[in-house]
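Reading the structure
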Amino acid sequence: MNKLRIRTVLAVGIISAFVVLVALAFASDQPVPADSQQYLARALGETGASNRVAGIYLNYRLLDTLLELLVFSVAVLGVRHYLQQSEGMSLPALSESEVLQTAVSFLSPLALLLCAFFAIFGHISPGGGFAAGVIAASGLLYVAIAHGMKATETRLNPWRLALAEKAILLLLLAFVLVPAAFGKIPLSDLLPKGTPGQLLSGGSILIYNILIAMKVFIGAWLVIAAFAQHRGEL
Amino acid sequence: MAAIVAFILFGLGILVLVLRRDLVIKLLALGLVNAASILFLVSIGDRPGARAPIQGPGEMGILADPLPQALVLSAIVVNFAILALALVFVMILVERYHSTDSTRIEQEMAREIDEEETPCL
C-alpha cells in the first residue's frame with residue numbers, strides 16, 4: 001500500500017468515526033451532572049478515579065477531550081504542511097559541549113520515566129496523558145539539542161511517527177465506539193471501575209491516559225521537529 | 001487575589017496585542033491572554049482551605065472545584081494548537097516580506113494587490 005492510500009484510509013477512518021460518534025452521542029440521553037458540586041459528590045463512585053479532574057475529562061466529558069485531540073491533530077498537520085511548503089533556512093548545527101551531552105543522557109531517560117508515571121498513575125494522582133506526552137517530547141528535545149536533529153531523526157522517521165499519531169487517534173475513536181457494538185451508549189465505560197485509589201481502577205481512564213500520552217508525545221515532537229527542520233538544525 | 005492578577009494580565013495582554021506592531025510580540029501577548037484566562041478559571045474553582053481534587057474513598061477535606069480545571073486542559077491544548085499554527089503563518093510572512101512589522105506587511109500586501117490590478121501598458 002502506498003503512502004497516499006494509507007493516509008487516505010486513516011483520514012476517512014477518523015472522519016467517519018467522529019461522525020458516527022457525534023451522531024450516537026447526541027442521540028443518547030445519558031445523564032450528566034448539572035453543576036460542578038455534583039461532580040465532587042458523584043464522580044468517585046461513578047468513575048472510580050481518585051483524581052476528579054481525570055474522572056471528568058475522561059469520563060463525563062470524553063467527547064470534549066476527543067474533539068480537543070482532533071484540534072491538536074489538525075494543528076500538527078497544519079504546522080507540518082505549511083513548513084514543508086515554505087523555503088526554510090540551512091543554518092549549521094551548533095556543536096554542543098560534552099557537559100550538555102552527558103547531562104542529557106541522564107535527564108532524557110528521567111523524562112521518559114516521568115512520562116510513564118504520569119500516564120499510568122494519572123487517574124489516582126496528579127498527572128494525566130497530556131502532561132505525560134509533553135514531558136516525553138521535552139525529553140526527546142533534550143536529546144535533539146545535545147546530539148543534533150539529524151542524528152535523532154535517523155532513529156525516528158517523521159513519516160512513520162505522523163502515521164502512528166493518526167493511527168492512535170483512530171484506535172482511541174474505535175475504542176470509544178466499542179460499547180455501541182454491545183448495544184450501549186458510545187463513550188460509556190465497559191471496564192470495571194475497581195477500587196478507587198488502586199492502580200487498576202477508573203475503568204478505561206488508564207487506557208485513555210496511555211493512548212493520549214503517546215499521541216501528545218508524537219504530536220508535540222512532530223511540531224518541534226518541523227520547526228527545527230525549517231531552521232536547518234537545532 | 002489570583003482573579004485580580006488574572007484580570008491585570010489579561011488587560012496587559014490585550015493592550016500589547018492591539019498597540020504593538022511586531023507580529024511575534026503579538027503572539028506572545030496572545031499567549032499571555034490565554035495564560036490569564038487559565039489563571040482566572042483555576043482561581044474561580046478555589047475555596048478557602050481547599051486541596052487539589054484528588055481524594056480516595058473515606059478521606060475527608062474540602063476539595064477545589066474540579067470542573068474549571070478540566071476545562072482548562074482543553075484551553076491549554078487549543079492554545080498550543082493556535083500558537084503553533086500562528087507562528088508558522090508569521091514565519092511564512094517574514095520569509096516573504098522580510099519584516100515582522102504588521103503595518104509594513106499590510107502596506108506591502110496592498111502594494112502587491114495594486115500592482116496586480118494595474119494593467120500593464
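A brief report on the enclosed structure follows. Per-chain numbering applies: the sequence of each chain, read as written, is numbered from 1 onward. The lettering of chains begins at A and the numbering of ligands begins at 1, in the order of writing. The predicted nature of this model means local features are confined to residues of pLDDT at least 70 and side-chain atom pairs, given and counted, to a pLDDT of 80 or more, with totals for whole chains, interfaces and linings taken over all residues.

**Let's talk about the overall build of chain A**
Cut-off, in case you're wondering: Labels follow the DSSP assignment, with helices taken as runs of H or I lasting at least four residues and strands as runs of E lasting at least two, numbered in each case from the N terminus. The contact criterion used here is simple: two residues whose C-beta atoms, placed from the backbone, lie within 7 Å are in contact.
Summing up its helical and strand segments, chain A has nine helices and zero strands in all. Along the three orthogonal principal directions, the C-alpha set of chain A runs to about 60 × 40 × 30 Å. Across chain A, every contact between residues at least 6 apart in sequence was considered, and the portion connecting residues at least 24 apart equals 77%.

**Notes on the interface of chain A and chain B**
Condition: Residues are sorted three ways: Asp, Glu, Lys and Arg are charged, Ala, Val, Leu, Ile, Met, Phe, Trp, Tyr, Cys and Pro are nonpolar, and all the rest, Gly among them, are polar.
Facing the 28 residues of chain A at the interface are 23 residues of chain B. Every element with two or more residues in the side of chain A that touches chain B is listed here: α2 (36–47), α3 (52–60) and α4 (62–85) of chain A. With nine residues, the top contributor of residues to the side of chain A that touches chain B is α4(A). Of the residues belonging to the side of chain A that touches chain B, the class tally is 16 nonpolar, seven polar and five charged.

**A word on the packing of helix α8 (residues 158–181) of chain A against helix α9 (residues 205–231) of chain A**
Residue and element names in this part refer to chain A. Put simply, the rule is: Here, axes are lines fitted to C-alpha atoms. For helices the fit covers the stretch in contact, and angles between N-to-C directions go from 0 to 180 degrees. Roughly parallel here means an angle under 35 degrees, roughly antiparallel means over 145, roughly perpendicular means 65 to 115, and every remaining angle is called oblique. A clockwise turn of the near helix away from the far one marks a right-handed crossing, whereas an anticlockwise turn of less than a right angle marks a left-handed crossing.
Relative orientation of the contacting elements α8 and α9 amounts to 150 degrees, with a least axis distance of 9 Å. On the basis of their axis angle, the class for α8 and α9 is roughly antiparallel. Crossing of α8 against α9: the hand is left-handed. Together, P158, L161, A162, A164, E165, I168, L169, L171, L172 and F175 of α8 and I207, L211, M214, K215, I218, G219, W221, L222 and A225 of α9 make up the contact between the two elements. The residue makeup of the contact of α8 with α9, split by class, is 16 nonpolar, one polar and two charged.

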